[in-house]
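# Observations on the three-dimensional arrangement
What follows is the residue order along each chain.
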Amino acid sequence: MTGAPRSADPSVTVPPAVGPPAVGPAAADPSRTGPSAVGPSRAGLPGGPPSGPGASPVRRRRPRPGFLLGAAGLLVVAVAATAVTFASGGHADRATSPDRRPPSTAKVTRQTLVDRETKNGELGYGTPRARDSRLSGTVTWLAPGGATVRRGKALYRVDDEPVVLLYGGLPAYRVLRSGVSGTDVKQFEQNLAALGHTGFTVDDDFTSATADAVREWQEDLGLPETGQVEPARIVYAPAEVRVESHGVEVGDTVGAGKVVLSTTGTTRLVTCTLDVEDQRLAREGAEVTITLPDGTRSAGRVDTVETVVQTSAATTGKDAETDTRIEVTITGDDAKALAGYDKAAVDVGLVASERADVLTVPVAALLTLAEGGYGLEVVEEGGTRIVAVRTGLFADGRVEVSGEAVTEGLTVGMPGD
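Residues numbered from 1 in each chain as written. Predicted model: local features only at pLDDT ≥ 70, side-chain atom pairs only at ≥ 80, totals over all residues. Heavy atoms only, no water.

## Considerations on the side chain of Arg398
- Structurally, Arg398 can be placed in strand E23 (residues 398-402).
- Buried Arg398, no salt bridge; nearest opposite-charge side chain is Asp396, N-O distance 8.9 Å.
- Within the structure, the side chain of Arg398 is placed 3.2 Å from the side chain of Gln111, a separation counted as a polar contact.
- Residues contacting Arg398, with those up to four places away along its chain left out, are Lys107, Thr109, Gln111, Leu113, Thr360, Val361, Pro362, Val363 and Leu393. (Helix = DSSP H or I, 4+ residues; strand = E, 2+ residues; numbered from the N terminus. Buried < 20%, exposed > 50% of the residue type's maximum accessible area, 1.4 Å probe, protein only. Lys, Arg positive; Asp, Glu negative; His and termini not counted. Salt bridge = Lys/Arg side-chain N within 4 Å of Asp/Glu carboxyl O. Polar contact = N/O pair within 3.5 Å; in protein donor to acceptor, adjacent residues only side chain to side chain. Contact = heavy atoms within 4.5 Å.)

Okay, structure coming up:
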């Protein structure tokens, strides 16, 4: 038996209470049966009343002294065979036969028990970001698919003039020229300085000194040296990007709003989409396990959690439907472990519950007690005994256990194969 609690020895009867055998007429009442009856029934004993359908009545005789001694001996043996002592809280703690030892054993261990739920994930580079053209013209060059583009380099060219990648979180939304101030000015000047241009102060003000540096930058790119920055010439991203796919081909004509290409980050990530009811599994910074297609397991952490609304395409006679989902991005602790796959379906183990520093045993070690609840068969030098336990979290084939008789290192019985 595996994976389920075992039953305690059925040969041991567990009465609800222990006390001296009843005396007087009630003790001899043959109508009292079941676990609450004390001592064996007299039916079937020598001199006892006949049983079974059609039994003839018999004359009651005075029992002989020898018979009384024999019946008393049987009663003592029966009570001893079913004697049970109860630990605090009313839980059973009983001894078993010294020669009845389990086929195998396990130890009570102290550990952190983690219950995980497995979800489907995709190993790749994260969710692609579409890059729309803000220029009209002919596409004359595209960065190759899979290529990494860094700060100051071209993502594509329109009419043989580059559209350049810079780093930042604020999109380019206006023309930058002398006299303009704002956060977008500082973001651009930080990039300009990182590319090696000097002679200006990195701040919120676009000055004539900034314009001079811009002309140098434009000269390096082969652009008209206007000293002004057109937003259509810049694409901002938090860091270097990887070209995921192309939306057009070289030679195609594009206009404003046309997707030219899509980009991702350059770090391999696992993305996992959850139903809203599973949101409790998505906690930023939580540890996860990643199981790759070859069975290799690697550790990771939840990096970002976003609520996204997905819209299904409308079908004939039906409106489009929207569905709210939780999108989880996971980073691996060991980048080399994920390096062997460009894209792959993986299993993601997300933490559902966790119990730190608790006593645990294999689930198969649990016994189902006749009086209710669970117990363990404790293996000792002189034999075994059954102790009652309280159970907590079940995870990874183990279960949290507690009780006055349960200590770390205790040896408990296990079922055979």
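Right, picking up where we left off after that structure.
## Digging into helix H3 (residues 208-221)
- The terminal C-alpha atoms of H3 lie 20 Å apart, and with 14 residues this matches the ideal 20 Å at 1.5 Å per residue to within 8%.
- Those residues of H3 that fall on the buried side of the exposure criterion are Thr210, Ala211, Ala213, Val214, Trp217, Gln218 and Leu221. For H3, the angular spread of the buried residues around the axis is 160 degrees, confining them to a single face. Looking at H3, the residues exposed on the side facing more than 90 degrees away from the buried face are Ser208, Glu219 and Asp220. (Expected span 1.5 Å × (residues − 1). Arc of directions from axis to C-beta.)

## So, the nonpolar core
- Counting 20 residues, the largest nonpolar core has Leu142, Val149, Leu155, Tyr156 and Leu165 as the members making the most contacts within it.
- Listed by contribution, the elements that provide at least two residues to this core are strand E7 (137-142), strand E9 (154-158), strand E10 (161-167), strand E11 (234-237), strand E12 (241-246) and strand E14 (259-264). (Core = buried A, V, L, I, M, F, W, Y, C linked by side-chain atoms within 4.5 Å.)

## Remarks on the sheet that holds E12
- Here we have 4 strands laid out as an open sheet, ordered E6-E14-E12-E8, and antiparallel in their pairing. This sheet does not close on itself; its edge strands, each paired only once, are strand E6 (129-132) and strand E8 (148-149).
- Relative to E14, E6 runs antiparallel, the two being bridged by 4 bridges. Along E14, the bridge assignment pairs Ala130 with Ser262. (Pairing = 2+ DSSP bridges.)

## Quick notes on the pairing of E23
- Burial analysis of E23 places 4 of its 5 residues in the buried class, which makes it a mostly covered element.
- Where strand E22 (residues 383-395) meets E23, 4 bridges bridge the pair, whose relative direction is antiparallel. Paired with Phe394 across the two strands is Val399, which belongs to E23.
- Counted along the chain from E22 to the antiparallel partner E23, the turn is 2 residues long, and its residue Asp396 has a positive phi close to 50 degrees.

## Quick look at the packing of helix H2 (residues 183-194) against H3
- With their axes 11 Å apart at the nearest point, H2 and H3 run at an angle of 55 degrees to one another. As summarised for this structure, H2 and H3 are arranged oblique, according to the angle between their axes. Considering only the axes of H2 and H3, their crossing is left-handed. Across the interface between the two elements, Phe188, Glu189 and Leu192 from H2 touch Thr210, Ala213, Val214 and Trp217 from H3.
- Looking at side-chain class alone, the contact of H2 with H3 contains 5 nonpolar, 1 polar and 1 charged residues. (Axes fitted to C-alpha atoms, helices over the stretch in contact; angles between N-to-C directions. Parallel < 35°, antiparallel > 145°, perpendicular 65-115°, else oblique. Left-handed = near helix turned anticlockwise from the far one by under 90°. Nonpolar A, V, L, I, M, F, W, Y, C, P; charged D, E, K, R; others polar.)

## Digging into the sheet that holds strand E13 (residues 253-254)
- The sheet built from 5 strands is open, its strands ordered E11-E10-E9-E7-E13 with mixed pairing. At either margin of the open sheet sits one strand with a lone partner, and together these are E11 and E13.
- Where E10 and E11 come together, 4 bridges link them in parallel fashion. Note on E11: the bridge partner recorded for Val164 is Ile234.

## Some thoughts on the environment of Arg398
- Residues Arg398 and Val114, spaced 284 residues apart in sequence, show a C-alpha to C-alpha distance of 9.9 Å.
- At 2.8 Å, the side chain of Arg398 and the side chain of Thr360 are in polar contact.

## Notes on unusual backbone geometry
- Not every positive phi belongs to a glycine, and Asp159 is a case in point at roughly 55 degrees.
- Secondary-structure assignment places Asp159 in the loop between E9 and E10.
- Asp159 sits in the partly exposed class, given a relative accessible area of 46%.
- The backbone of Asp160 shows a phi angle near 65 degrees, a positive value even though the residue is not glycine.
- Turning to its location among the elements, Asp160 is positioned in the loop between E9 and E10.

The values are spatial; any link to function lies outside them.
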